[in-house]
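Read off the chains here:
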Amino acid sequence: MALRLIHLSDIHVWRYTWNARRLFGLRILGVMELLMGRARRFPMDRLDAVVDRVRSLDPDHILITGDLTTTALPSEFQQARRLLAPILGDRERVTMIPGNHDRTTRRSYFTRRFEAAFGEFMPSTTFPWIRRLDDETGILGMDATRWHWHFSPRGYLPEGQLAAARALTADPANLPRRLIVACHYPVAAPPLYRVELALKRLENEQAVRDWLKTIGPHLYCCGHVHAAWAIRPEEIPNQLCLNSGSPTMIDPTGLRLPGFLEILLDDDRVAVSHHAWTGADWKVVPMIEDSLTATASDLPSFTA
Ligand SMILES: [Fe+2]
Ligand SMILES: [Fe+2]
């Protein structure tokens, strides 16, 4: 049975309507100002066109892998909800997980502000979980964000969550035949982005890789490093790692076009395309077409 999935990530909605000195202590103020300074690279006026494009494709399901906001303020969550509304109408057809920016402040982390805004797009607010999309396909949702006395681009998959994920995946008979692991943080990257990932990786990346190597063939949908790619990492040969990049980011080097991924699953075949905005129009770039059970040694990789 065929299933068409749109993978979006790192939308980074932001608003300049906040009064930082009133809202925050000095400790977090510098971080917030830094993040808001970077926000200009994510022009919000592009988002309507992205939403229109996704809507016009009429996918079976939409997966959003975190960083919907920039500084996790309530106004950003409200704005994200409003801007994405045209594609959020059917909660059965949308799945979301949080990214580190959705937990920027201590309060947003401990009050689970992301879950309050978007919890209806997850089967449970306790991670990990598996959401079945059809008889053959399911999404395993992970949350490796943290708040560790300061905002950090690095994540950590808590031991309890990793143990629960091991238990969930221990018996392959319980897993969907087409398994999609959704986690904001990549656990491998193409050579061009390895240094960037090293600076913002999971602290326990190796433990997560060791677990992923045991779960059989799977897609791994991530974001966080704002670049689109489809690779089979040598470190995890049973994984097809898909990063959608950001749909709105302007890259000063011009190398990373903003966009999102269209993933077509048909029986045990997978085909992935990058819908990229060139600055003038949309370009559809085929990235990979392959068997779900292929391994790293079988294939070339593609980096947008
Ligand atoms: Fe991001
Ligand atoms: Fe991120």
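Residue positions are counted from 1 within each chain, in the order its sequence is given. To label them, take the chains in the order written and letter them from A, then take the ligands in the order written and number them from 1. For a predicted model such as this one, the threshold for reporting local features is a pLDDT of at least 70, and the threshold for listing and counting side-chain atom pairs is 80 or more; totals across whole chains, interfaces and linings nevertheless cover every residue. Computation of side-chain values: all heavy atoms of the structure, hydrogens and water removed.

Trainee: In this structure, what is going on with empty space enclosed by the protein? I would like to understand it.
Mentor: Over the atoms, a rolled probe matching the size of one water molecule traces out where space is still vacant. Note on definitions: the grid is 1 Å and covers protein atoms alone; a cavity is a set of points where a 1.4 Å probe fits but cannot get out; a pocket is an open set with protein on both sides within 12 Å along at least five of seven lines; lining residues have an atom within 4 Å of a point. Grid points are joined across faces, edges and corners, and a volume is the space filled by probe spheres set on the points. For the structure on display, the rule yields 1 cavity of 30 Å³ or more. Here the largest cavity is characterised by a volume of approximately 80 Å³. Every residue lining the largest cavity is counted, 14 residues in all, and those nearest its centre are His226, Ala227, Ala228, Arg256 and Leu257. The residue inventory of the lining of the largest cavity, partitioned by class, reads 8 nonpolar, 5 polar and 1 charged. Classes in brief: Ala, Val, Leu, Ile, Met, Phe, Trp, Tyr, Cys and Pro nonpolar; Asp, Glu, Lys and Arg charged; the others, Gly included, polar.

Trainee: What exactly am I supposed to notice about the pattern of salt bridges here?
Mentor: Oppositely charged side chains can pair when the atoms bearing their charge come close. Here, a salt bridge means any side-chain nitrogen of Lys or Arg that lies within 4 Å of a carboxyl oxygen of Asp or Glu. Here the structure, examined in full by the defined rule, presents 21 salt bridges. Across the pair Glu203 and Arg154 runs a salt bridge whose closest N-O atoms are separated by 3.4 Å. Taken together, the residues Glu203 in the loop between α8 (194–199) and α9 (205–212) and Arg154 in the loop between β5 (137–141) and α7 (159–169) connect sequence positions 49 residues apart. Each residue gets one of three labels from its accessible area relative to the maximum for its type: buried under 20%, exposed over 50%, partly exposed in between, using a 1.4 Å probe on protein chains only. On the accessibility criterion, Arg154 (23% relative accessible area) is partly exposed. Taken together, the shared-partner salt bridges connect Asp134, Glu136, Arg177, Arg178 and Asp267 into one network. Runs of H or I in DSSP of at least four residues are treated as helices and runs of E of at least two as strands, each being numbered from the N terminus.

Trainee: What exactly am I supposed to notice about the coordination of the iron ion (ligand 2) here?
Mentor: When a metal carries six donors in an octahedron, the ideal angles between them are 90 or 180 degrees, while four donors in a tetrahedron ideally lie at 109.5 degrees. The iron ion (ligand 2) binds to the protein through Asp67 (OD), Asn100 (OD1), His184 (NE2) and His224 (ND1); the donor distances cover 2.2 to 2.3 Å. Angles of 89 to 159° at the metal separate the 4 donor atoms of the iron ion (ligand 2), which places the site in the irregular class. As a rule, N, O and S atoms within 2.8 Å of a metal are its donors, except that Na, K and Ca use 3.2 Å; water is not among the atoms, so sites may look incomplete. All donors to the iron ion (ligand 2) come from one chain, and their sequence spacing reads D-x32-N-x83-H-x39-H. The metal-metal distance between the iron ion (ligand 2) and the iron ion (ligand 1) is 3.4 Å, with Asp67 coordinating both. Only four donors with every angle between 85 and 135 degrees are called tetrahedral; only four or six donors with opposite donors over 155 degrees apart and all others between 65 and 115 are called square planar or octahedral, in that order; all others are irregular.

Trainee: I would appreciate a short explanation of the coordination of the iron ion (ligand 1) in the present structure.
Mentor: In the first shell of the iron ion (ligand 1), the protein supplies Asp10 (OD), His12 (NE2), Asp67 (OD) and His226 (NE2), at 2.0 to 2.2 Å from the metal. One way to put it: the 4 donor atoms around the iron ion (ligand 1) meet at angles of 87 to 169°, and that makes the site irregular. Coordination of the iron ion (ligand 1) draws on donor residues from a single chain, spaced D-x1-H-x54-D-x158-H in sequence. Judged by its relative accessible area of 0%, Asp10 falls in the buried class.

Trainee: Any chance you could explain the pairing of β5 here in plain terms?
Mentor: On a regular strand, one side chain projects to one face of the sheet and the next to the other, so that they alternate. β5 sits mainly inside the fold: 5 of its 5 residues count as buried. Paired strands, as defined in this entry, are two strands with at least two bridges between them according to DSSP. Sheet analysis places strand β4 (residues 129–132) next to β5, joined by 4 bridges and oriented antiparallel. When the bridges of β5 are listed, Arg131 appears paired with Ile139. The turn linking β4 back onto β5 is made up of 4 residues. The sheet contact formed by β5 and strand β6 (residues 178–182) spans 5 bridges and is parallel. Each residue of the ladder has a partner; that of Thr137, found in β6, is Arg178. Handedness of a crossover is defined as follows: with both strands directed away from the viewer, a clockwise route from the first strand across the helix to the second makes it right-handed. In the classification by handedness, the crossover that spans β5, the intervening α7 and the parallel β6 is right-handed.

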